[in-house]
Amino acid sequence: MSYERDTELDARWLTAVMHAAFFLLLGVALARFLLRHPGGSRVPWIIALSAVLAVLYVVGIACDGPRRSTARRRTWLGAVVAVVVVLVLLAPSFAWVGVPLFYTGLRTLPTRAALVLVSLLTALVIASQVRLAGRWDPDLVLGPPAVAMLATAVFLQMQRQTARQRALIDDLIRTRRELAASERREGTLAERQRLSMEIHDTLAQGLSSQQMLLQAADRVWQSDPGKARAHVRTAASVADHNLTEARRFVHDLAPADLAHGLEEALRKVAARESGAGLTVRVHVDAGASVEGARLPDRVQSALLRIAQGALANVREHSGATSAALTLTVLDDQVVLDVADDGHGFEPSAGGSSGAGVRGHGLPAIRARVRQLGGTLTIESAPGEGTVLSAAVPLRGPGL
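Scoring rules and cut-offs
Residues numbered from 1 in each chain as written. Predicted model: local features only at pLDDT ≥ 70, side-chain atom pairs only at ≥ 80, totals over all residues. Heavy atoms only, no water. Helix = DSSP H or I, 4+ residues; strand = E, 2+ residues; numbered from the N terminus. Buried < 20%, exposed > 50% of the residue type's maximum accessible area, 1.4 Å probe, protein only. Contact = heavy atoms within 4.5 Å. Areas by Shrake-Rupley, 256 points an atom, 1.4 Å probe, with all protein chains shown as cover. Axes fitted to C-alpha atoms, helices over the stretch in contact; angles between N-to-C directions. Parallel < 35°, antiparallel > 145°, perpendicular 65-115°, else oblique. Left-handed = near helix turned anticlockwise from the far one by under 90°. Nonpolar A, V, L, I, M, F, W, Y, C, P; charged D, E, K, R; others polar. Expected span 1.5 Å × (residues − 1). Patch = residues over 30% accessible without salt bridge, like charges linked within 9 Å, V, L, I, M, F, W, Y side chains within 5 Å. Salt bridge = Lys/Arg side-chain N within 4 Å of Asp/Glu carboxyl O. Pairing = 2+ DSSP bridges. pLDDT = per-residue confidence, 0-100. Core = buried A, V, L, I, M, F, W, Y, C linked by side-chain atoms within 4.5 Å. Polar contact = N/O pair within 3.5 Å; in protein donor to acceptor, adjacent residues only side chain to side chain. Phe/Tyr/Trp six-rings, centres within 6.5 Å; stacked < 30°, edge-to-face > 60°.

Some points on the overall build of the protein chain
So, step 1. In terms of helices and strands, the protein chain carries eleven helices and five strands.
So, step 2. With 399 residues in all, the protein chain has 40% of them scored as buried.
So, step 3. Long-range contacts, defined here as pairs at least 24 residues apart, represent 67% of the contacts in the protein chain between residues at least 6 apart.
So, step 4. Working note: accessible area of the protein chain is about 22000 Å², and carbon and sulfur atoms make up 60% of it.

What follows is the structure, encoded as structure tokens:
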């Protein structure tokens, strides 16, 4: 993540600064001692211990990394602190070399142990400064603790802020993953619903028509063979259309009837549903004949499926002898009306009619209209037929 990379770069930069400060203070302290005590008996020991400290510190830097165990880092830090203490006892001017170890201790040790180490190093600096001055000075006593407290507070605050931000980022990543999983589940459910509606409005309705035609043919097989054969031929025609729909369904789920436009598709649906006591007419406004070709494919497909579903309910539940499909294209919306002269029902109480509630009938139609941002209106009353009106906007978020 970008934040994690930036945090890591900041930590590396701060670590590099502390390392540079350590070597700078070590070099300055050694130079100061050599200038003030040339030829002294402690010079070889100071030079040797300084070299050991520098080598030990370089080895620690080279071996530092995420794979290095915590125990090894703490052992290394203990060895560095021990060498620093010996140097300070021999030459008090080396006390400030321990200041960069504040940061190393806070990084390496638990908070309480790190605070103890910082306190010890601060006390060492105070004692060394008083020893060098040869007198009691409040600045020498109060200055180092103030610096130590400020550096420790800043580091601990940065550490806590980093931990909080990392926890927040982890929560955001987890939330994003959960949201993505939820969207995938919702997408899967929506696709399943869409497929179920497609199957209901195509294959299921075609099979239902075939069943009714074949049952009608069976009833008149002996008394009226000609009519029976006509029913069988119609059933075969429906089966052929169903086969075409199934192939197109597998290919891209687009209605096969739409190959020649919505108006022609509605007339084909009306022709298939007509017969066996039901006549279906189609009325297309003059403007709709021209504008139909300009309707989005999604709108045309939905309107055709709505017409198929509504007529299937008319045929199976309403007892109607006639029905009408009316397509109207206005400036901002397209309207499909499906009217029948069946026995009707009370819309507020449900029931069976051209818009009756059965299977995916009315729920599927409502879902299609809602997906396009449109409105569905049902007007019906017992004994007065039913008018179903689906209005779909030509522009909007659904499109």
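We are not done yet, so read on.
Overview of the packing of helix α3 (residues 70-90) against helix α4 (residues 101-108)
So, step 1. The contact between α3 and α4 brings their axes to 10 Å, and the two run at 155 degrees. Accordingly, the angle class assigned to the pair α3 and α4 is roughly antiparallel. Judged by the twist between their axes, the crossing of α3 over α4 is left-handed. Taking contact as the criterion, the partners of Thr-70, Arg-73, Arg-74, Trp-76, Leu-77, Val-80, Val-81 and Val-84 in α3 are, on α4, Leu-101, Thr-104, Gly-105 and Thr-108.
So, step 2. Within the contact of α3 with α4, the residues separate by chemical class into six nonpolar, four polar and two charged.

Thoughts on helix α10 (residues 297-318)
So, step 1. Taking 1.5 Å as the rise per residue, α10 with 22 residues should run 32 Å; its terminal C-alpha atoms sit 30 Å apart, in good agreement.
So, step 2. Here α10 lies mainly inside the structure; 19 of its 22 residues are buried.
So, step 3. Where α10 ends, the next residue or the one after it, Gly-319, has phi of about 70 degrees, a positive value.

Overview of the side chain of Ser-209
So, step 1. Within the secondary structure layout, Ser-209 lies in helix α6 (residues 138-219).
So, step 2. Residue Ser-209 is classed as buried on the basis of its relative accessible area of 12%.
So, step 3. With near-sequence residues (within four places) excluded, Ser-209 lies in contact with Val-238, Glu-273 and Arg-315.

Some thoughts on a nonpolar patch on the surface
So, step 1. The grouping of Phe-23, Val-58 and Ile-61 at the surface amounts to a nonpolar patch, some 210 Å² of accessible area in total.
So, step 2. Mapped onto the elements of the fold, Val-58 is located in helix α2 (residues 43-63).
So, step 3. Residue Val-58 is classed as partly exposed on the basis of its relative accessible area, which comes to 44%.

Thoughts on the pairing of strand β1 (residues 279-284)
So, step 1. Only one face of β1 is covered, namely the one carrying Val-280, Val-282 and Val-284; the face carrying Thr-279, Arg-281 and His-283 has none of its residues buried.
So, step 2. Where β1 meets strand β2 (residues 322-329), six bridges bridge the pair, whose relative direction is parallel. Its bridge partner lying in β2, His-283 is registered against Thr-326.

Examining the confidence of the model for the protein chain
So, step 1. Of all residues in the protein chain, 81% have pLDDT values of 70 or greater, and the mean over the chain is 78.
So, step 2. For the protein chain, the element scoring lowest by mean pLDDT is helix α9 (residues 286-291), at 54; strand β3 (residues 333-340) scores highest, at 92.
So, step 3. Of the regions scoring below 50 in pLDDT, residues 350-359 engages in 31 contacts with residues more than four places distant in sequence or in other chains.

What to know about the pairing of strand β4 (residues 375-380)
So, step 1. Residues Leu-376, Ile-378 and Ser-380 point to one face of β4 and are all buried, whereas Thr-375, Thr-377 and Glu-379, pointing to the other face, are not buried.
So, step 2. Where β4 lies against strand β5 (residues 386-393), six bridges are found, and the strand directions are antiparallel. Among the inter-strand pairings, Ile-378 is bridged to a residue of β5, identified as Leu-388.
So, step 3. Connecting the antiparallel pair β4 and β5 is a turn made up of five residues, with Gly-383 showing a positive phi of about 80 degrees.

Description of the nonpolar core
So, step 1. Core analysis: the largest hydrophobic core is formed by 39 residues, its most contacted members being Leu-262, Leu-266, Leu-303, Leu-325, Leu-327, Val-334 and Leu-336.
So, step 2. Listed by contribution, the elements that provide at least two residues to this core are α8 (262-273), β1, α10, β2, β3, α11 (361-371), β4 and β5.
So, step 3. Sorting elements by how many residues they give to this core places α10 first, with nine residues.
So, step 4. Leu-262 has contacts with Leu-295, Gln-300, Leu-303, Leu-304 and Leu-327, leaving out every residue within four places of it along the chain.
So, step 5. Judged by nonpolar contacts, the second largest core, of 29 residues, contains Phe-22, Leu-49, Ala-95 and Val-97.

Thoughts on the environment of Asp-340
So, step 1. Secondary-structure assignment places Asp-340 in strand β3.
So, step 2. A relative accessible area of 9% places Asp-340 in the buried class.
So, step 3. A sequence separation of 48 residues divides Asp-340 from Leu-388, and the C-alpha atoms of the two residues are 9.0 Å apart.
So, step 4. Of note is the side chain of Asp-340, whose polar atom sits 2.8 Å from the backbone nitrogen of Gly-342.

Side note on the packing of aromatic side chains
So, step 1. Here the structure, examined in full by the defined rule, presents four aromatic pairs.
So, step 2. Considering the side-chain rings of Phe-22 and Phe-23, the 5.6 Å spacing of their centres and the 85 degrees angle between planes classify their relative orientation as edge-to-face.
So, step 3. With a relative accessible area of 31%, Phe-23 lands in the partly exposed category.
So, step 4. Where Tyr-57 meets Trp-76, the ring centres are 5.6 Å apart and the plane angle is 55 degrees; that geometry is what we call tilted. Here Tyr-57 is found in helix α2, whereas its partner Trp-76 is found in helix α3, with 19 residues between them in sequence.

What to know about the sheet that holds β1
So, step 1. A sheet is described by the order of its strands in space; here five strands give the open sequence β1-β2-β3-β5-β4, paired in mixed fashion. Each end of this open sheet is capped by a strand with a single partner; those strands are β1 and β4. Within this sheet the neighbouring strands show an average axis-to-axis angle of 10 degrees, counted without direction.
So, step 2. Where α8 meets the sheet, its contacts fall on β1, β2 and β3, and the angle it forms with β1 comes to roughly 165 degrees.

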